[in-house]
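# Remarks on the overall topology
Next come the chains, spelled out residue by residue.
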Amino acid sequence: MKKHNKYNTEVTGAEALILSLLDENVNDIFGYPGGAIMPIYDALYDYMDQLNHYLVRHEQGAIHAAQGYSRVSGRPGVVFATSGPGATNLITGIADAQIDSTPLVCITGQVASHLLGTDAFQETDVVGISMPVTKWNIQVTKAEEIAPAIAKAFYIATTGRPGPVLVDITKDAQFGKTNYEYKKCESIRSYFPHPKINVDEIKKAAELINNAKRPFILCGHGVLLSSAERQLLAFAEKADIPVASTLLGLSAFPPQHPLYVGYLGMHGNYGPNLMTNKCDVLIAIGMRFDDRVTSNVSKYAKQAKVIHFEIDPSEINKIIPADIAILGDAKEALDLLLPEIKTQKRKEWLQGFDECNKIEYEKVIKNAVDPESEKLRMAEVIDKFHKISQGNAIVVTDVGQHQMITSRYYKFNEPNHLVTSGGLGTMGFGLPAAIGAKVAKPNEDVVAVLGDGGFQMTIQELGTIMQSNIAVKILVLNNNFLGMVRQWQQLFFDRRYSFTEMKNPDFIAIAKGYGITGKKITKRKDLQEAIFEMLESKDAFILEVVVENEDNVFPMVATGASVSEITLE
Amino acid sequence: MNTTYTISIFTEDRIGLLNRITIIFTRQHINIQSITASESEVKGIYRYTIVVTITKEMVEKLVKQIDKQIEVLKAFYHVNEEIISREIALFKISSEALNQNELFTKVVNENYAKIVSVSADYIVVEKTGDENEILSLFNSLEKFGMLEYARSGKVAITKPMKTLTTFLKEIENNSKTNIKHFNK
């Protein structure tokens, strides 16, 4: 294949793009060709030995795959799409990546620059459309602008609070000639992604923590994004502080650790929700007080002093006012904090969490993982899957009841092992995100846990699995309902099940059509063996488990309630 | 409590950036009362002046969101006491006003306005001042036969602020060393 003496040679804009990606050490691209991006695909043809391109079945599949790729690898996901519908099909995933701080570089083809604004074939103002959901975006109309735009794109996507960026390249820019030269972007004068941590604030925070009786750590996605897991563990252990995790923070703190007290939020654990309103110092690290965590903010941790570690200044005081705000990278901040922290023991305070856990176990968990019902319950499936995989799988979920059940019952041994759509709650995310995760981590078990609803939103990506031989495992919890909405209809809409019942196809037959082996089970006695079979399969495998139709996820903090009003049944 | 704030935003010269900024207002359902944009005293750096009437809490969050945009150098907000601001208005008055020439000239002079164009059908009066001064002149001129009226957005100079060039040097040093914070 092509070996380019790439510097000081005249190349097309399209080739300059490919060379720029190589200079950014990109290995994998998820995409879908079309008219306005054809020159780029043509240039890619010469570099197939250096860049792996995964042909998806819908652009939404490409963007979610790139998200999954990024979330497990920490590297930016790269997406190609054509103009117009190709570009608009990316928007949901871009919005998802923006709200969940996922670095992506999206390259879209655009009509030739002389056609811009003329309603040309497949012309859409994708820069305008993606503006509210990108960290940064740009339209490039000249070949020589491509390499600098890509350099900026990678720098912006991956620094500070990461996020998606989009580079829209007109067809004439792709065809145009330029001398290729690549300079990595190392700074932008109007952008300060790496705040210097204020040591005085660290001292104040340490003093507050050292004098606290009932401190409580909330661990968010920022801990994973800054690779601060060890720092967090050292801090929590030294000061003997219980740690709870947000949905996106899961897998940052070892779940079997005595200081780990569970998962926060609407369907989180009993203890951490209740204790939020009993602690005296709330230490939020890399989290943004999402409403699914706080519920009613006017009744949220009013008794506590709040210390907020955060890299994005606009998150500070956005929802919960911080008594002490530490602006900066979580890892650096915790490194500075640790020497200021006194070694302590807080037996009594921790006991409170243990008691809550016992209550939750008795009232919720026991029956969920070992039910008396005839039909299988979602929690026992996930619990079994956790035990058999020993907590080592990379688990990718879709959105809904199965997602909450997975977050509650799968205990992740390693960081970045849960990939889920948190902020946006995008149904259809799971399957393509799992494809991306498997591409990034081919040697790990990647299991997509899906509901019957979300699976069908991007079911066409089974084609991507087939074409590129991606050994993703698919675990479908089928309750023949849009379960989470049905649960709300049951609890808050007088059991009026308005359009939540699903008539589902034969999933196993569909998978078979794509050459994917599968199995459907309905009985408890078959569960263990089926999970083994799924995990042991060398190729992609689908396991459909038919579960209780009207199972509910508990505990639950109802909308408008306080976190301490969490209900167990 | 709602207060009128003048937001000054210094930006790079980039297509679409104004759109990116106004989206932040739209998203939070905040109406822009007036907006002006022009190049600042430093070549290539643009200054937007946007007026809104919202709570202090809202303006603080809004300005942080604006500041977060990659190509925004810095955004500030100020209350009226902290700025010197002006608007310009043009009034097209029917030339019948000249039938009451003495009274008309008196109104123009007393309001520190000036006549910038006279033709057979109309007279154009220009007034620079704050919103109230302009509205007051509007009321006085209306009886002479108002044919057209156009008012600019507010332009503002802040009283307590570093010069843009010092400020630019600071942020340029900061972005090189990759350090975020500087004090305004």
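Residues numbered from 1 in each chain as written. Chains lettered and ligands numbered in written order. Predicted model: local features only at pLDDT ≥ 70, side-chain atom pairs only at ≥ 80, totals over all residues.

## Some details on the nonpolar core
Residues A:Val79, A:Ile285 and A:Leu475 are the most contacted members of the largest nonpolar core, which totals 187 residues. Counting residues per element, this core draws most heavily on helix H7 (residues 146-158) of chain A, at 9 residues. Not counting the four nearest positions on each side in its chain, A:Val79 is found in contact with A:Phe30, A:Gly31, A:Ala62, A:Ile63, A:Ala66, A:Leu90, A:Leu104, A:Cys106 and A:Ile107. Counting residues in hydrophobic clusters, the runner-up holds 19 residues, among them B:Phe10, B:Val52, B:Val59 and B:Tyr77. (Core = buried A, V, L, I, M, F, W, Y, C linked by C-beta atoms within 7 Å. Buried ≥ 20, exposed ≤ 12 C-beta atoms within 10 Å, placed from the backbone. Helix = DSSP H or I, 4+ residues; strand = E, 2+ residues; numbered from the N terminus. Contact = placed C-beta atoms within 7 Å.)

## Section: the domain arrangement of chain A
Residue and element names in this part refer to chain A. Along its sequence, chain A is organised into domain 1 (10-179), domain 2 (199-353) and domain 3 (374-546). Computed from C-alpha coordinates alone, the two centres of domain 2 and domain 3 are separated by 31 Å. Between domain 2 and domain 3, the residue contacts involve 12 residues of the former and 13 residues of the latter. In terms of residue class, the side of domain 2 that touches domain 3 is built from 7 nonpolar, 3 polar and 2 charged. (Domains from an automatic or database assignment. Nonpolar A, V, L, I, M, F, W, Y, C, P; charged D, E, K, R; others polar.)

## Some remarks on unusual backbone geometry
Residue and element names in this part refer to chain A. Looking along the chain, the bond that leaves Phe-554 and enters Pro-555 is cis, with omega of 5 degrees. The residue Ala-301 is not glycine, and still its phi comes out positive at about 50 degrees. Tracing the backbone through its elements, the reader meets Ala-301 in the loop between helix H13 (291-294) and strand E13 (305-310). For Ala-301, a count of 25 C-beta atoms within 10 Å gives the class buried.

## Regarding H7(A)
All names here are of chain A. With 13 residues, H7 should reach 18 Å at 1.5 Å per residue; the first-to-last C-alpha distance of 18 Å fits that figure. Every buried residue of H7 is accounted for by Ile-146, Ala-147, Ala-149, Ile-150, Ala-153, Phe-154, Tyr-155, Ile-156 and Ala-157. Looking at the buried side of H7, the elements it contacts are helix H1 (13-23), strand E5 (104-110), strand E6 (136-140), strand E7 (164-170) and helix H8 (171-175). Directly beyond the C-terminal end of H7, a positive phi value near 60 degrees is found at Gly-160. (Expected span 1.5 Å × (residues − 1).)

## Here's the deal with the pairing of strand E2 (residues 34-39) of chain B
All names here are of chain B. With 6 bridges connecting them, E2 and strand E3 (residues 45-54) associate as antiparallel partners. Of the residues in E3, the one forming a bridge with Thr-36 is Thr-49. Linking two consecutive strands that pair antiparallel, namely E2 and E3, is a turn of 5 residues; a positive phi of about 90 degrees is found at Gly-44 within it. (Pairing = 2+ DSSP bridges.)

## So, the interface of chain A and chain B
Counting residues at the interface gives 20 residues for chain A and 23 residues for chain B. Looking at the side of chain A that touches chain B residue by residue, the classes come out as 11 nonpolar, 5 polar and 4 charged.

## Concerning the sheet that holds strand E15 (residues 394-397) of chain A
Residues and elements named next belong to chain A. Spatial strand order, E16-E15-E17-E18-E20-E19: 6 strands in an open sheet with parallel pairing. Pairing within the sheet leaves two strands with one partner each, and these edge strands are strand E16 (418-419) and strand E19 (517-521). Two elements, E15 and E16, share 2 bridges in a ladder whose sense is parallel. The residue bridging Val-395 from the neighbouring strand is Leu-418, located in E16. Along the sheet, helix H17 (residues 401-409) makes contact with E15, strand E17 (446-451) and strand E18 (473-478), crossing E17 at roughly 135 degrees. (Axes fitted to C-alpha atoms, helices over the stretch in contact; angles between N-to-C directions.)

## Considering the domain arrangement of chain B
The assigned domain composition of chain B is domain 1 (3-83) and domain 2 (84-151). Taking the mean C-alpha position of each, domain 1 of chain B and domain 2 of chain B sit 31 Å from one another.

## Some points on the sheet that holds E2(B)
All names here are of chain B. What the 4 strands build is an open sheet, ordered E2-E3-E1-E4; its pairing is antiparallel. For this open sheet the edge positions go to E2 and strand E4 (72-79), each flanked by a neighbour on one side alone. Between one strand and the next, the sheet's axes are offset by a mean angle of 15 degrees, whatever the strand orientation. Packing of helix H2 (residues 56-68) onto the sheet brings it into contact with strand E1 (3-12), E3 and E4, and relative to E4 it is tilted by some 165 degrees.

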